[in-house]
Amino acid sequence: MSDEPAISVVALEKKFGSHTVLHQLDLAIADQEFVCILGPSGSGKSTLLNILSGLETGYTGTVKLGAQRIGYLFQEPRLLPWLTAEKNVDFALDGCAVPPARRPQLKDHYFELAGLANFRNYYPHQLSGGMRQRVALVRSLCVEPAILLMDEPFGGLDELTARRLRIDLLRIWREKRKTIVFVTHNAYEASYLADRVLVMAQGRIRDEIAVTVPRPRDYDDPAVFDVNREVVRRFLAAAELAPETASPVTVPAQDALPILQSSGGL
Ligand SMILES: Nc1ncnc2c1ncn2[C@@H]1O[C@H](COP(=O)(O)OP(=O)(O)OP(=O)(O)O)[C@@H](O)[C@H]1O
Ligand SMILES: [Mg+2]
């Protein structure tokens, strides 16, 4: 573990035309830290991840990442439709430095983990939306990134699958010592996964909550429920702090509701 932050962002400002989407944002994420970002729709979460990944440019401020190999699980699967699930993963592997000898073992492991062992030869159009997202998850893990950026990766999955993948993700994070930045609308998911939850609103980080529940965590630990309550309270307070709260786009009901209703579930 290094003392240098894995991710360091200073005075980041991003505009689309005249619209400032990120405002003087500062962020330091420690090596091997698991950070969740929670925020209303349109608050700039995906834009921030796009900048961290290097895909989005044209900003002011500084962004430094301490690792070369970055995995990015987008909000949507972004699979190549003319390639099978496995060939999509191969395509990503071809572009990274994972030694070829390791690849079959990695693919077996992660396809199995994602419940897709029997679907490797399926084309994206033959898979359900949730299965496509799981192929994208396999792709992001197979490249063995030191930093993993995940944008609402489990949002479109059924609760049983999402729960299993959250538990597996924590195990992978612990075993492989990754730094993870994970965007979600689900406060319980954030409370279970994170070392630290950042609350974003209107392009700013408004609050942060350290999650001190000891690890390894039990998914149904009452302490996680307590953190969830606190995170929801702080999220609502932060959203109300946002200057344009009067605008109907600030906290649309459909985004606020899952947070309020989220719970340990099954
Ligand atoms: N390429 C773009 N061109 C113009 N505006 C953009 C572009 N990408 C994002 N925006 C704007 O930036 C703002 C933040 O968008 P972003 O996708 O980062 O939000 P988000 O927090 O990820 O929302 P969600 O939770 O709905 O995914 C929005 O107002 C959006 O319209
Ligand atoms: Mg987004």
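What counts, and at which threshold
- Residues numbered from 1 in each chain as written.
- Chains lettered and ligands numbered in written order.
- Predicted model: local features only at pLDDT ≥ 70, side-chain atom pairs only at ≥ 80, totals over all residues.
- Pairing = 2+ DSSP bridges.
- Helix = DSSP H or I, 4+ residues; strand = E, 2+ residues; numbered from the N terminus.
- Axes fitted to C-alpha atoms, helices over the stretch in contact; angles between N-to-C directions.
- Core = buried A, V, L, I, M, F, W, Y, C linked by C-beta atoms within 7 Å.
- Buried ≥ 20, exposed ≤ 12 C-beta atoms within 10 Å, placed from the backbone.
- Contact = placed C-beta atoms within 7 Å.
- Near = placed C-beta within 6 Å.
- Nonpolar A, V, L, I, M, F, W, Y, C, P; charged D, E, K, R; others polar.
- pLDDT = per-residue confidence, 0-100.
- Left-handed = near helix turned anticlockwise from the far one by under 90°.

### Notes on the sheet that holds strand β7 (residues 179-184)
The strands making up a sheet are joined through hydrogen bonds of the backbone, oriented either antiparallel or parallel. Across the sheet, which stays open at both edges, the six strands sit in the order β5-β6-β7-β3-β8-β9 with mixed pairing between neighbours. Each of the sheet's edge strands pairs with one partner strand only, and the pair in question is β5 (70-73) and β9 (204-210). Looking at each pair of strands side by side, their axes are set apart by 15° on average, direction ignored. Bridging between strand β8 (residues 196-201) and β9 involves six bridges; their strand directions are antiparallel. Across the sheet, residue methionine 200 finds its bridge partner in β9, namely isoleucine 205.

### Digging into the nonpolar core
Within the largest apolar cluster, 66 residues are counted, with the highest numbers of intra-cluster contacts made by Cys36, Leu38, Val138, Val181, Val197 and Val231. The element contributing the most residues to this core is helix α4 (residues 129-142), with seven residues. Setting aside its immediate chain neighbours within four residues, cysteine 36 contacts Phe182, Thr184, Ala190, Leu193, Ala194 and Val197.

### Some points on the site of ligand 1
Taken together, Phe16, Val21, Gly39, Ser41, Gly42, Ser43, Gly44, Lys45, Ser46, Thr47 and Gln75 form the complete shell of residues around ligand 1. Top contributing element to the shell around ligand 1 by residue count: helix α1 (residues 45-53), with three residues. For the shell around ligand 1, the per-class residue count stands at two nonpolar, eight polar and one charged.

### A closer look at the sheet that holds strand β1 (residues 5-16)
In spatial order, the strands read β2-β1-β4; together these three strands make up an open sheet with antiparallel pairing. Looking along the sheet, the strands with just one partner apiece sit at the ends: β2 (19-30) and β4 (59-65). Strand-to-strand twist across the sheet, computed as the mean angle between neighbouring axes with direction ignored, equals 10°. Sheet topology note: the β1/β4 ladder contains six bridges and is antiparallel. Along β4, the bridge assignment pairs lysine 14 with tyrosine 59.

### Some details on the confidence of the model for the protein chain
Looking at the protein chain, the pLDDT average stands at 89 and 90% of residues meet or exceed 70. Looking across the protein chain, the model is least confident in helix α8 (residues 253-261), with a mean pLDDT of 35, and most confident in strand β3 (residues 34-38), with 98. Across residues 245-266 the pLDDT falls below 50, and counting only partners more than four positions away or on other chains, this stretch makes 35 contacts in the model.

### Observations concerning the environment of lysine 15
Relative to the assigned elements, lysine 15 resides in strand β1. Residue class for lysine 15 comes out partly exposed when judged on the 14 C-beta atoms lying within 10 Å of it. Each C-alpha atom of the pair lysine 15 and glycine 58 lies 8.2 Å from the other, and the pair is 43 residues apart in sequence. Sequence-distant contacts of lysine 15, that is, excluding residues within four places in its chain, are made with Thr20 and Val21.

### Digging into the packing of helix α3 (residues 103-113) against α4
The geometry of a pair of packed helices is captured by two quantities: the angle between their axes and the separation between those axes. In contact at an axis separation of 9 Å, α3 and α4 are set at 145° when each is read in the N-to-C sense. Crossing geometry of α3 relative to α4 is assigned as right-handed. For the pair formed by α3 and α4, the contact residues are Leu106, Lys107, Tyr110 and Phe111 on the first element and Val138, Leu141 and Cys142 on the second.

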